[in-house]
Amino acid sequence: MALIRNGKLVDDIHIDARTLDPVPVDQPVIVSLLQWQAHRDTLLAGKQSLGIRLQSDQPPALLGADLRHFAVVALEFPKFRDGRAYTHARMLRERLGFRGELRAVGDVLQEQLNYMQRCGFDTFEISTADPLAAWQAIENDHTVWYQATGDGRPRALELRRQQAR
Amino acid sequence: MYRYDEFDHTLVAERVAVFRRQVERRLTGDITEDQFKPLRLPNGLYLQLHAYMLRINVPYGCLSSRQLRKLAFIARRFDRGFGHFTTRQNIQFNWIRLDEAPDILAELADVEMNTMQSSGNCVRNITADQFAGRARDEIEDPRPWCELIRQWSILHPEFGYLPRKFKIAVTGAASDRAAVKFHDVGLYLRRNAEGVIGFEVIVGGGQGRTPYVGLTIREWLAKEDLFSYLEAILRIYNLGGRRDNPNKARIKIQVNALGIDEFRRLVEEEWAEIKASPLLNVDPAEVARITAYFAPPAWEDLPEETVALDRLRKAQPAFDAWYRANVVGHRTPGYAIVNLSLKSPGIAPGDLTAEQMDRVADLADRFSLGELRVSHRQNLVFTDVRQKELHELWTELARISLATANIGTLTDIVACPGLDFCSLANARAIPVAQDISRHFSDAATLQDIGELTINISGCMNACGHHHVGHIGILGVEKKGQEFYQLTLGGSSAEDAALGERLGRAISADEVPAAIEALVARYKSLRSGDERFLDTWRRVGIEPFQDAVYGEGVTPRREVA
């Protein structure tokens, strides 16, 4: 499926290996937590680019030091109204120091992309005919935010201060 | 009161533009009603029985006369000439057309109002003591903190899709007029042992199907830790609150399942991680900027008018009744706080017509520095009335049916819209309130009964807060008929308590007689000037059960 990353349409080089058995070890894959726990050493020996897809009830902290092995962490929204992955994304970026690709997958609505981006997601799997158009429709929706997150955007109060200077 | 600067204006304008585009997509059929629902709810737009309903935030109950005139305009231009004030200190319009909703939002933005997060599973309008900044029993004005929390919560990207809605209330007074213990998070401004003002933090209160009195999670929190502590609570809730059943998804269920000690441990553990984060600092300059908007007005140096008022009260019993019931002491000599009752006989509690709104706006300009408040008991408040003008104001208010002398009495009824409007309701609430208020319309009788709150909800969701009424009335539906369940002994004040079910449900036409019987029993049992609630607490349920269900007391009808 086409992905939007940093505002551009990109191809997904990783294959979704969740239903594959055995898990391929010679190409980039995204695996489930269960697969990772079962095949960790084999996957690491393969030296391919690795991604992991976490359900909304699987906190990224579960990965512990293994987090460094992943180029991609995909957090799933089983329903758009399940907001746990927003917190998980911030934990990954702001506490666990994850700098790889943070991908939103599942029931991802166009109207949620701004919040997701603010929480640290940089890549979105959007199931519409034209994902790029979906992104472009909302990317400039909001220029003022009251609260700070790890994305480094200034808060309204910083904007006020700059103006006062 | 707080005024938007260019950044607040931009934020709201951008939001209106987004909503306008979303409504267009719905109107052209680009998206279905199901897809539109998550877009309209966070903008306060509900689909009700007959039309769309729009809920407009009145931040912590503060309104200017200019804003009220705009609400009057909206009532006339876009609705049927009236609005309904809610228990969240907000106002709702019940007859909204979808294609006009974005225009209403734009009109509101002109007067620094919005509908953001007045619905949806997010942090809702922050509520406060309606006498904030004016009450005699207050250690600090809670409104600057409400505004800080409002800004922190609006469009918070992490907490837009919580398990369920999230309500926060703040008070700085000894008397709790904000139902703080019935909120997801409640904040009491308190001094610690060193005399420093911070917050006592309450968590897990709420009403609905499973009511709980909130519990203290932290005895005292320093002001500078407010955002980090709130964020820690919201985070633990966002991750751990139930998402499998909307009826069990509020934080109160999580707190009570884990136990307050374990919930506190989780919050404090998370808090330790983020407490020092620069992302969550409470910036002293920003606190000062916002606090300045709530600085006390330039009150005149006026004498107390006790003698003149006594003379007027003796001469006019109607004025005396109003003064006793609706006028409250002000922190400044020569001034008074005045409650405007939206509960005159026969009116739906909390309703105000466009004409009344315009007149109230004029009166606020003339008598109360151009500002007013909405209380969570669905009344309005003028906060800065010169005592020497009380009689004149009373005369003016009486002309527009807003001088009913019943604040805190049995006809000061809180009621949800019920089956007349709401798609969730099982029974009507408004006609029941109207029946009671017609039944007890005599000011002297009400005064003799004293403080007695009645709350009516049209269903289990308890929007009329029946659990905390001294007398609560819950509408239930049995075999297609409406019946009413009575609960006694609830309180949303500092002596917070949940009401106890009195007995089997009764029909709508039996309600006024049942209330009459409860009141008569109270009057025969009370000692001295004991309130209904205190008599109830002293004597227990049996005498009141006997009053309503005893042999030959009221006409009875068996409920199948």
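Because the structure is predicted, anything quoted here is derived from the model rather than measured. (Residues numbered from 1 in each chain as written. Chains lettered and ligands numbered in written order. Predicted model: local features only at pLDDT ≥ 70, side-chain atom pairs only at ≥ 80, totals over all residues. Heavy atoms only, no water.)

Asks: Hey, could you run me through the layout of surface pockets in this one?
Replies: It is the rolling of a water-molecule-sized probe over the atoms that shows where space remains empty. Residue and element names in this part refer to chain B. If you add up the space inside the second largest pocket, you get close to 930 Å³. If you trace the second largest pocket, you find 39 residues lining it, with Arg177, Arg377, Ile407, Gly408 and Glu451 closest to the centre. Listed by contribution, the elements that provide at least two residues to the lining of the second largest pocket are helix H11 (317-326), strand E11 (327-329) and helix H15 (443-449). In the lining of the second largest pocket, the residues fall into 13 nonpolar, 15 polar and eleven charged. (1 Å grid on protein atoms, 1.4 Å probe; cavity = no way out; pocket = protein on both sides within 12 Å on 5 of 7 lines; lining within 4 Å. Points joined across faces, edges and corners; volume = space filled by probe spheres on them. Helix = DSSP H or I, 4+ residues; strand = E, 2+ residues; numbered from the N terminus. Nonpolar A, V, L, I, M, F, W, Y, C, P; charged D, E, K, R; others polar.)

Asks: Can you help me understand unusual backbone geometry in this one?
Replies: Cis geometry marks the peptide bond from Asp21 of chain A to Pro22 of chain A; its omega dihedral reads 0°. Here Pro22 of chain A lies in the loop between strand E3 (15-16) and strand E4 (29-32). Positive phi outside glycine occurs at Glu112 of chain B, with the angle close to 60°. Examined against the element boundaries, Glu112 of chain B turns out to sit in the loop between helix H4 (101-110) and strand E6 (127-128). You can call Glu112 of chain B buried: its relative accessible area is 10%. For Leu369 of chain B, which is not glycine, the phi dihedral falls at a positive 60°. With respect to the helices and strands, the residue Leu369 of chain B is situated in the loop between helix H12 (354-367) and strand E14 (371-374). (Buried < 20%, exposed > 50% of the residue type's maximum accessible area, 1.4 Å probe, protein only.)

Asks: Please clarify how the domain arrangement of chain B should be interpreted in this entry.
Replies: When the parts of a complex come together, some accessible area is lost, and that lost area is often used as the size of the interface. Residue and element names in this part refer to chain B. Per the domain assignment, the segments of chain B are domain 1 (6-110), domain 2 (134-293), domain 3 (306-399) and domain 4 (414-549). If you average the C-alpha positions of domain 1 and of domain 2, the two centres end up 27 Å apart. Summed over both sides, the interface between domain 1 and domain 2 buries roughly 750 Å², with carbon and sulfur atoms accounting for 60% of that surface. Linking domain 1 with domain 2 are zero salt bridges. Residue contributions to the side of domain 1 that touches domain 2 peak at three residues, all from helix H1 (residues 6-27). Its residues placed into classes, the side of domain 1 that touches domain 2 shows four nonpolar, no polar and three charged. (Domains from an automatic or database assignment. Buried area = accessible area lost by both parts, 1.4 Å probe. Salt bridge = Lys/Arg side-chain N within 4 Å of Asp/Glu carboxyl O.)

Asks: What am I meant to see in the environment of Ser65 of chain B here?
Replies: All names here are of chain B. With respect to the secondary-structure elements, Ser65 resides in helix H3 (residues 65-78). Through-space distance from the C-alpha of Ser65 to that of Asp365 is 6.7 Å; in sequence the pair is 300 residues apart. Each residue touching Ser65, except ones within four places of it in the same chain, is listed here: Ala361, Ala364, Asp365, Gly370 and Leu372. (Contact = heavy atoms within 4.5 Å.)

Asks: Can you walk me through the confidence of the model for chain B in this structure?
Replies: Reading fine detail from the predicted coordinates is not recommended where pLDDT is low. Looking at chain B as a whole, the pLDDT averages 95, with 98% of positions reaching at least 70. Scored below 50 in pLDDT, residues 556-560 of chain B makes 14 contacts in the model with residues more than four places away or belonging to other chains. (pLDDT = per-residue confidence, 0-100.)

Asks: Help me understand the packing of aromatic side chains in this model?
Replies: Counted by the stated rule, this structure contains 24 aromatic pairs over all chains. Centroid distance Tyr2 of chain B to Tyr293 of chain B: 4.9 Å. Interplanar angle 70°. Geometry classified as edge-to-face. Of this pair, Tyr2 of chain B sits in the segment before H1 while Tyr293 of chain B sits in helix H9 (residues 284-293), placing them 291 residues apart in sequence. Taken together, the aromatic side chains of Phe77, Phe80, Tyr86, Tyr115, Phe121 and Trp145 of chain A together with Tyr161 of chain B make up a single cluster linked through ring pairs. The ring of Tyr188 of chain B has Arg190 of chain B lying over it, and the distance from NZ or CZ to the ring centre is 4.4 Å. Between the NZ or CZ atom of Lys275 of chain B and the centre of the ring of Trp271 of chain B, over which it lies, the distance is 4.4 Å. (Phe/Tyr/Trp six-rings, centres within 6.5 Å; stacked < 30°, edge-to-face > 60°. Lys NZ or Arg CZ within 6 Å of the ring centre and 35° of its normal.)

Asks: Is there a simple way to think about helix H16 (residues 511-525) of chain B in this case?
Replies: Since there are 3.6 residues in each turn of an α-helix, residues three or four apart along the chain are aligned in direction. In a regular helix each residue adds 1.5 Å, so 15 residues correspond to 21 Å; H16 of chain B covers 21 Å between its end C-alpha atoms and thus fits that length. Buried within H16 of chain B we find Val511, Pro512, Ala514, Ile515, Ala517, Leu518, Val519 and Tyr522 of chain B. (Expected span 1.5 Å × (residues − 1).)

Asks: How should the interface of chain A and chain B be read in this particular structure?
Replies: At the interface, 38 residues of chain A touch 43 residues of chain B. Across the interface of chain A and chain B, roughly 3500 Å² is buried in total on both sides, 53% from carbon and sulfur atoms. Run the count over chain A and chain B and you get eleven salt bridges. Taking the shortest distance from any N to any O, the salt bridge between Glu286 of chain B and Arg160 of chain A comes out at 2.7 Å. For the interface between chain A and chain B, the tally reads 23 residue pairs in polar contact (both at pLDDT 80 or more). If you list the elements that add at least two residues to the side of chain A that touches chain B, you get helix H2 (84-95), helix H3 (113-119), helix H4 (131-138) and helix H5 (156-164) of chain A. Split by residue class, the side of chain A that touches chain B holds 15 nonpolar, eleven polar and twelve charged. (Polar contact = N/O pair within 3.5 Å; in protein donor to acceptor, adjacent residues only side chain to side chain.)

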